[in-house]
Amino acid sequence: MKKPAALAAIFAAALLATPALADDFPSAISVSGEATVSAAPDLAQIDAGVANDAKTAKEASDANNAAMGKVLLALKGAGIAEKDYQTSRLSLQPQYGQNKSTGASPVVGFRASNRVTVKIRDVTKVAGIIDTLVGAGANDIGNISFEVTHASKLLDDAREQAVADARRKAEIYARAAGVTLGAPLSVSEGSAPMPLFKSRMAVAPMATPAAVAPGEETLSVTVNVSWAIKPKEQ
């Protein structure tokens, strides 16, 4: 069993060793800075579809193929490049009825549907394209979204503002703690810009001209910065 004097010597040695360990790990203040920038979207994306019901699978499929063919021709006629529209969903499903006497659910017909995703690179034409699709026979239009394609370049100024915001916060903490800021030890970017909105709407074949408001997209950036700190000079 160690004597009290020996235990005291071990404890004193541990205290003396602590500052040496601390010297290997510089003290720091870590904060997040934020900044935003607003921009008008330059790309829109919509989904358009046609659905057809018939007694047989072939009749439903043939009618649906013809209907989608008209939609695709209308897109081409509206100046949409072939690379900017793509089939997103194709289905053929039986439709069931109800036999009240037996409780069975017999097949009474089939529904064929086809959906296409369309990119519109001139957002001022979105309403016109929707009207064109409806006029061509599209009976299900939705999932409208707007996007800023050059978001990263627009965010460059916001990145500088976010670092300045981080420094402002760090200086507040440094003053409160009685220290001064040194050089930044690390800088990393956090969040990424998000789309303005994505919504779904159903458009009837005889709908009035579509009213679409692209608005502005608010892009945000967050940076995480660690600053070295040092004792305040007297």
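Just so it is clear, the structure is predicted and the values come from calculations on it, not from any experiment.

Conventions used here
- Residues numbered from 1 in each chain as written.
- Predicted model: local features only at pLDDT ≥ 70, side-chain atom pairs only at ≥ 80, totals over all residues.
- Heavy atoms only, no water.
- Helix = DSSP H or I, 4+ residues; strand = E, 2+ residues; numbered from the N terminus.
- Buried < 20%, exposed > 50% of the residue type's maximum accessible area, 1.4 Å probe, protein only.
- Contact = heavy atoms within 4.5 Å.
- Pairing = 2+ DSSP bridges.
- Core = buried A, V, L, I, M, F, W, Y, C linked by side-chain atoms within 4.5 Å.
- Polar contact = N/O pair within 3.5 Å; in protein donor to acceptor, adjacent residues only side chain to side chain.
- Axes fitted to C-alpha atoms, helices over the stretch in contact; angles between N-to-C directions.
- pLDDT = per-residue confidence, 0-100.
- Salt bridge = Lys/Arg side-chain N within 4 Å of Asp/Glu carboxyl O.

1. Examining the overall build of the protein chain
1) Next: If you tally the helices and strands in the protein chain, you get four helices and eight strands.
2) Next: Mapped in sequence order, the helices and strands of the protein chain form the string α-β-β-α-β-β-α-β-α-β-β-β.
3) Next: Buried residues in the protein chain amount to 30% of all 234 residues.
4) Next: For the protein chain, long-range pairs separated by at least 24 residues make up 82% of all intrachain contacts whose partners lie at least 6 apart in sequence.

2. Regarding the pairing of strand 8 (residues 217-231)
1) Next: The sheet contact formed by strand 1 (residues 28-39) and strand 8 spans twelve bridges and is antiparallel. Looking at strand 8, one finds that A35 is bridged to V221.

3. Looking at the nonpolar core
1) Next: With 25 residues, the main nonpolar core has I46, V118 and L133 as its most contacted residues.
2) Next: Every element with two or more residues in this core is listed here: strand 2 (43-54), helix 2 (57-77), strand 4 (107-120), helix 3 (126-135) and strand 5 (140-147).
3) Next: When sequence neighbours within four positions are dropped, the list of residues in contact with L133 reads I46, A48, V71, L75, A138 and I141.
4) Next: Counting 19 residues, the second largest nonpolar core, distinct from the first, contains V148, A174, L181 and V223.

4. Concerning the environment of D53
1) Next: Inspection of the secondary structure assignment puts D53 in strand 2.
2) Next: Sequence-wise, D53 and A63 are ten residues apart; in three dimensions their C-alpha atoms are separated by 8.4 Å.
3) Next: Among the polar contacts made by the side chain of D53, one reaches the side chain of R111 at a distance of 2.7 Å.

5. Notes on the sheet that holds strand 8
The strands that make up a sheet pair up through hydrogen bonds in the backbone, lying either parallel or antiparallel.
1) Next: Judged by pairing direction, the sheet is antiparallel, and its three strands sit side by side in the order 1-8-6 without closing on themselves. The outermost strands of the open sheet, each flanked by one partner alone, are strand 1 and strand 6 (179-189). The average undirected angle you get between the axes of adjacent strands in this sheet is 30°.
2) Next: Relative to the sheet, helix 4 (residues 151-177) contacts strand 1, strand 6 and strand 8, its axis offset from that of strand 1 by approximately 145°.

6. Thoughts on the confidence of the model for the protein chain
1) Next: Per-residue pLDDT for the protein chain has a mean of 81; in total, 79% of the residues score no lower than 70.
2) Next: Predicted confidence in the protein chain is weakest over helix 1 (residues 4-23), with a mean pLDDT of 39, and strongest over helix 2, with 95.
3) Next: Residue range residues 4-25 is modelled with pLDDT below 50. Its contacts to residues more than four positions away, or to other chains, number two contacts.
4) Next: Note on residues 193-207: pLDDT under 50 across the span, and 39 contacts to partners over four residues away in sequence or across chains.

7. Things to note about the side chain of N52
1) Next: Positionally, N52 belongs in strand 2.
2) Next: Within polar-contact distance, the side chain of N52 engages the side chain of N64 at 2.9 Å.
3) Next: If we skip the residues at most four places from it in the chain, N52 touches A60, A63, N64, A67, F110, R111 and A112.

8. Concerning the pattern of salt bridges
1) Next: The full count for this structure, using the stated rule, is ten salt bridges.
2) Next: Across the salt bridge formed by K58 and D62, the nearest N and O atoms sit 2.7 Å from each other. Of the two residues, K58 and D62 are both situated in helix 2; the distance of four residues between them amounts to about one turn of the helix.
3) Next: With a relative accessible area of 59%, K58 lands in the exposed category.
4) Next: The partly exposed category is assigned to D62, whose relative accessible area is 39%.
5) Next: Across the pair E171 and R167 runs a salt bridge, and its minimum N-O distance is 3.2 Å. Of this pair, E171 and R167 both sit in helix 4, four residues apart, which is roughly one turn of that helix.
6) Next: Given a relative accessible area of 32%, E171 falls into the partly exposed group.
7) Next: Residue R167 is classed as partly exposed on the basis of its relative accessible area, which comes to 34%.
8) Next: Each of D156, R159 and E189 takes part in one network of salt bridges that share partners.

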